[in-house]
Amino acid sequence: MALRDIRFWLTGAAWLLALAALFVPRVELVRPVLDVVAVFDITGSMNTRDMNVDGRAGSRLEASQAAVRRLLTSLPCGSRLGLGVFTERSSFLLFEPAEVCANYAALDGSVRQLDWRMAWAADSHVSRGLYKAVEIASSVDANLAFFTDGQEAPPLPASGGPVFDGEPGTVSGLIVGVGGREKSPIPKFDFDGREIGTWGREDVPHENRVGLPPKDASSRPGYHPRNAPWGGATTAGDEHLSSVREAYLETLAEQTGLGYANLAETRDLVSSLQAVSRSRPVKAAADIRPYLASAALILLLLISALLPALDRVRRWRQRDVMPRVPI
């Protein structure tokens, strides 16, 4: 009797769930979404091929694009994404944040079409580009995701870089460091965009001689306080090689109030962004019909498979305990 009662109630519940799956309208829920402006460093060092992109060696720019395309598929509907690029000493907003689900194809295509050839100059003043990107994100009321390897070209002067004159923390988001920690050669291209090798030591400046000379200048060969305040010899360094400048990027993150993440070590960029970003609540219609139908199916499986098995077990036990009548 007990099993028959259970079957009755489970069958009734399965029917109710099935009817609800057919007729219950969508449920309106409030959920947090993100508005993000993704700004890509498209300077020459971002062509360095020291990143894993879909199982192959790829450039830092390609890895950044792949990360934002994954981000695009992971952001909940209602979130918005805008794109920008950085080169020389400024960042430029390509378009303001647009809703990710309704505009997915356009957004994904725009990210895929980004190219280093869009750069309007060769220098890379990362700090100035970041400060401009913060200003852009603030103007459209969005969080910032700034993708860069942090390599300043030319290097910062001995006196240091420009000072951030904004309010730290006004804009939330991430500086995403892109590139390997080991120094790698930077591909070199001609004016037609054809790769012709890599940058050599003699091709790039290794010291910025703007402003005051460094403190050790007087000990350099050929030093003269007026005629050669940086010394008489050309500085030889390794600025023709590139690696992610994490310490520098972490300093910039602290100055601007942004978070920092290393792209190669960040599996879930959405979670990293959510941890440091401001969300926006939106009302969204949630379709719960698949869950109702699944629950009805589970109940039917219990009725058709589990309960008969329990019934057989019960009968076997009763047979074993029944007293045997002697013949």
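Just above, that's the structure.
Residues numbered from 1 in each chain as written. Predicted model: local features only at pLDDT ≥ 70, side-chain atom pairs only at ≥ 80, totals over all residues. Heavy atoms only, no water.

A word on the packing of aromatic side chains
- A complete count under the given rule lists four aromatic pairs for this structure.
- Consider the rings of Phe 86 and Phe 146, whose centres lie 5.9 Å apart with planes at 45 degrees: the pair is tilted. Placement of the pair is Phe 86 in strand 5 (residues 80-87) and Phe 146 in strand 7 (residues 143-148), with a sequence separation of 60 residues. For the pair Phe 86 and Phe 146, one class covers both residues: buried.
- Ring centres of Tyr 131 and Phe 164 lie 5.1 Å apart, and the angle between their planes is 45 degrees; this geometry places the pair in the tilted category. Separated by 33 residues along the polypeptide, Tyr 131 in helix 4 (residues 126-139) and Phe 164 in the loop between strand 7 and strand 8 (173-177) bring together distant segments of the chain.
- In this structure, Lys 188 is placed above the aromatic ring of Trp 199, and the distance from its NZ or CZ to the ring centre is 4.9 Å. (Phe/Tyr/Trp six-rings, centres within 6.5 Å; stacked < 30°, edge-to-face > 60°. Helix = DSSP H or I, 4+ residues; strand = E, 2+ residues; numbered from the N terminus. Buried < 20%, exposed > 50% of the residue type's maximum accessible area, 1.4 Å probe, protein only. Lys NZ or Arg CZ within 6 Å of the ring centre and 35° of its normal.)

Here's the deal with the pairing of strand 6 (residues 90-99)
- Of the strand pairs in this sheet, strand 5 and strand 6 are connected by seven bridges, and their pairing is antiparallel. Each residue of the ladder has a partner; that of Leu 83, found in strand 6, is Phe 95.
- The turn joining strand 5 and strand 6, which pair antiparallel and follow one another in sequence, is formed by two residues; a positive phi near 55 degrees is taken by Glu 88. (Pairing = 2+ DSSP bridges.)

Structural notes on the side chain of Asp 41
- As for its position among the elements, Asp 41 is in strand 2 (residues 35-41).
- Summary of buried charges: Asp 41 has no salt-bridge partner, and the nearest side chain of opposite charge, Arg 60, is 7.9 Å away.
- Separated by 2.7 Å, the side chains of Asp 41 and Thr 148 make a polar contact.
- Filtering out sequence-adjacent residues up to four positions away, Asp 41 remains in contact with Met 46, Leu 61, Phe 86, Ser 124, Phe 147, Thr 148 and Asp 149. (Lys, Arg positive; Asp, Glu negative; His and termini not counted. Salt bridge = Lys/Arg side-chain N within 4 Å of Asp/Glu carboxyl O. Polar contact = N/O pair within 3.5 Å; in protein donor to acceptor, adjacent residues only side chain to side chain. Contact = heavy atoms within 4.5 Å.)

What about unusual backbone geometry?
- A cis geometry characterises the amide bond from Ala 153 onward to Pro 154, with omega recorded as 0 degrees.
- Mapped onto the elements, Pro 154 comes out in the loop between strand 7 and strand 8.
- With phi around 55 degrees, Asp 141 is a residue other than glycine that occupies positive phi space.
- With respect to the secondary-structure elements, Asp 141 resides in the loop between helix 4 and strand 7.

Details of the state of the cysteines
- Considering all chains together, one arrives at one disulfide under this definition.
- Note on cysteine connectivity: Cys 77 is disulfide-linked to Cys 101, with sulfurs 1.9 Å apart. Disulfide Cys 77 to Cys 101: torsion about the S-S bond roughly -90 degrees, handedness left-handed. Residue Cys 77 is found in the loop between helix 2 (60-74) and strand 5, and its partner Cys 101 is found in the loop between strand 6 and helix 3 (104-113); the two are separated by 24 residues along the sequence. (Disulfide = S-S within 2.5 Å.)

What to know about the sheet that holds strand 6
- With mixed pairing, the six strands of this open sheet are ordered in space as 6-5-2-7-8-13. With one partner strand each, in any of the chains shown, strand 6 and strand 13 (259-262) form the two edges of the open sheet. Taken pair by pair, the neighbouring strands of this sheet meet at an average axis angle of 20 degrees, ignoring direction.
- Relative to strand 8, strand 7 is paired through five bridges, and the arrangement is parallel. Within strand 8, the residue paired with Phe 147 across the bridge is Val 176.
- Here helix 5 (residues 246-256) sits on the sheet and contacts strand 7, strand 8 and strand 13; the angle it forms with strand 13, its principal contact strand, is near 155 degrees. (Axes fitted to C-alpha atoms, helices over the stretch in contact; angles between N-to-C directions.)

Observations regarding helix 3
- Considered for burial, the residues of helix 3 that qualify are Leu 107, Asp 108, Gly 109 and Val 111.
- Its buried side turned inward, helix 3 meets strand 2, helix 2, strand 5 and strand 6.

Quick look at the environment of Phe 8
- Residue placement: Phe 8 occurs in helix 1 (residues 2-23).
- On the basis of relative accessibility, which here comes to 56%, the residue Phe 8 falls in the exposed class.
- For the pair Phe 8 and Ile 303, spaced 295 residues apart in sequence, the C-alpha separation works out to 9.2 Å.

Regarding the pairing of strand 8
- Within strand 8, five of the five residues are buried, which leaves it mostly tucked inside the rest of the structure.
- Of the pairings in the sheet, the one linking strand 8 to strand 13 comprises four bridges and is parallel in character. In the sheet register, Val 176 faces strand 13, and the bridge partner there is Ala 261.

Quick look at the pattern of salt bridges
- If you walk through the whole model with that rule in mind, you get 17 salt bridges.
- Between Asp 238 and Lys 183 there is a salt bridge, with the nearest N and O atoms lying 3.9 Å from each other. Residue Asp 238 is found in the loop between strand 11 (195-198) and strand 12 (241-242), and its partner Lys 183 is found in the loop between strand 8 and strand 9 (184-185); the two are separated by 55 residues along the sequence.
- When the shortest N-O distance is used, the salt bridge between Lys 188 and Asp 203 registers 3.6 Å.

Focus on the nonpolar core
- Phe 40, Leu 81 and Phe 147 are the most contacted members of the largest nonpolar core, which totals 33 residues.
- Considering each element in turn, this core owes the most residues, seven residues, to helix 2.
- Among residues more than four places away in sequence, those in contact with Phe 40 are Leu 61, Ser 64, Gln 65, Val 68, Leu 83, Gly 84, Val 85, Phe 86, Val 111, Leu 114 and Phe 147.
- Ranked by size, the runner-up nonpolar core spans 21 residues in total, among them Val 140, Phe 164, Ile 175 and Leu 258. (Core = buried A, V, L, I, M, F, W, Y, C linked by side-chain atoms within 4.5 Å.)

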